Amino acid sequence: TMATVAPAPAVFNWISASGGDWSFSANWNYASSPSGNTRSVVFGSAISSPATVFTSSAVTAKSIQFDNNANSYAIGGAGSVNLEADSGNASVDVVQGLHQFQTAVNLNSATDVNVASGATLTFNNALNNGGNNLNKTGDGSLQINNALNSGAGTLNASAGIVSGVGLVS
């Protein structure tokens, strides 16, 4: 008989009440940590105070959602976050709150960033477009501080505010 293998889960929810290591499986709702171009990551209401989720290596996600108005997430560490979709565009969606990436973010696919009204997403380190387009929607604020390395890609803002300090190359 052939053994059946359950499909890998698609949506990983951060369940720790505080910050911690992205690669530590107990911080997620599945017995593994998310990394891959089919993985959706949700940083929601689990934290009870502002929290830093860190990575010491490169991690990959198809989509990342921030949905916490009371407490902010900061994604940091010596690693990086790669946004890459197996099909279509990768995405970052800020439903509510003030959240930030402190680690380098690499766009390995065209990426849609939707920031809801009253919300803010900040990139506080290198944001590398990798020649891919970054499409900003939503009435909220996108801040890019430090370096935006766009290669042949473009930053397309159709709504809200895009601001920041640093270098666009």
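Keep in mind that this is a model prediction, so the values were computed, not measured.

Caption draft 1: A look at the sheet that holds strand S16 (residues 141-144). With parallel pairing, the seven strands of this open sheet are ordered in space as S2-S4-S7-S10-S13-S16-S19. Single-partner strands in this sheet number two, and they are strand S2 (20-21) and strand S19 (161-163). As judged from the four bridges shared by strand S10 (residues 98-101) and strand S13 (residues 120-123), these two strands associate in the parallel manner. Within S13, the position partnered with Phe101 by the bridge is Phe123.

Caption draft 2: View of the packing of aromatic side chains. Going through the model one piece at a time under the given rule, you end up with 11 aromatic pairs. Geometrically, the ring pair formed by Trp14 and Phe43 is tilted, given 6.0 Å between the ring centres and 45 degrees between the ring planes. Of the two residues, Trp14 is situated in the loop between strand S1 (11-13) and S2 and Phe43 in strand S3 (residues 40-43); the sequence distance between them amounts to 29 residues. You can call Trp14 buried: its relative accessible area is 3%. When its relative accessible area of 0% is taken as the criterion, Phe43 is described as buried. Linked through ring pairs, Trp14, Trp22, Trp28, Phe43, Phe66, Tyr73, Phe101 and Phe123 together constitute an aromatic cluster.

Caption draft 3: Representation of the pattern of salt bridges. Across all of its chains, the model carries one salt bridge by this definition. Between Asp86 and Lys62 there is a salt bridge, with its nearest N and O atoms 2.9 Å apart. Taken together, the residues span a long stretch of sequence, with Asp86 in the loop between strand S8 (80-83) and strand S9 (90-96) and Lys62 in the loop between strand S5 (58-61) and strand S6 (63-67) at a distance of 24 residues.

Reading the values: the criteria
Here the residue numbers are simple positions, counted from 1 along each chain's written sequence. Residue-level local features of this predicted model are given only where pLDDT is at least 70; pairs of side-chain atoms are given and counted only at 80 or more, and the full residue set underlies all totals for whole chains, interfaces and linings. Excluding hydrogens and water, the side-chain figures rest on all heavy atoms present in the structure. Strands pair, by our definition, only if DSSP identifies at least two bridges between them. Strands are runs of DSSP state E lasting at least 2 residues, helices are runs of H or I lasting at least 4, and numbering of each runs from the N terminus. For this analysis, a ring pair means two rings from Phe, Tyr or Trp (six-membered ring only for Trp) whose centres lie within 6.5 Å, classed as stacked if their planes differ by under 30 degrees, edge-to-face if by over 60, and tilted for the remaining angles. When accessible area is computed with a 1.4 Å probe and restricted to protein chains, residues below 20% of their type maximum are described as buried, those above 50% as exposed, and intermediate ones as partly exposed. Counted as salt bridges are all cases of a side-chain nitrogen of Lys or Arg within 4 Å of a carboxyl oxygen of Asp or Glu.

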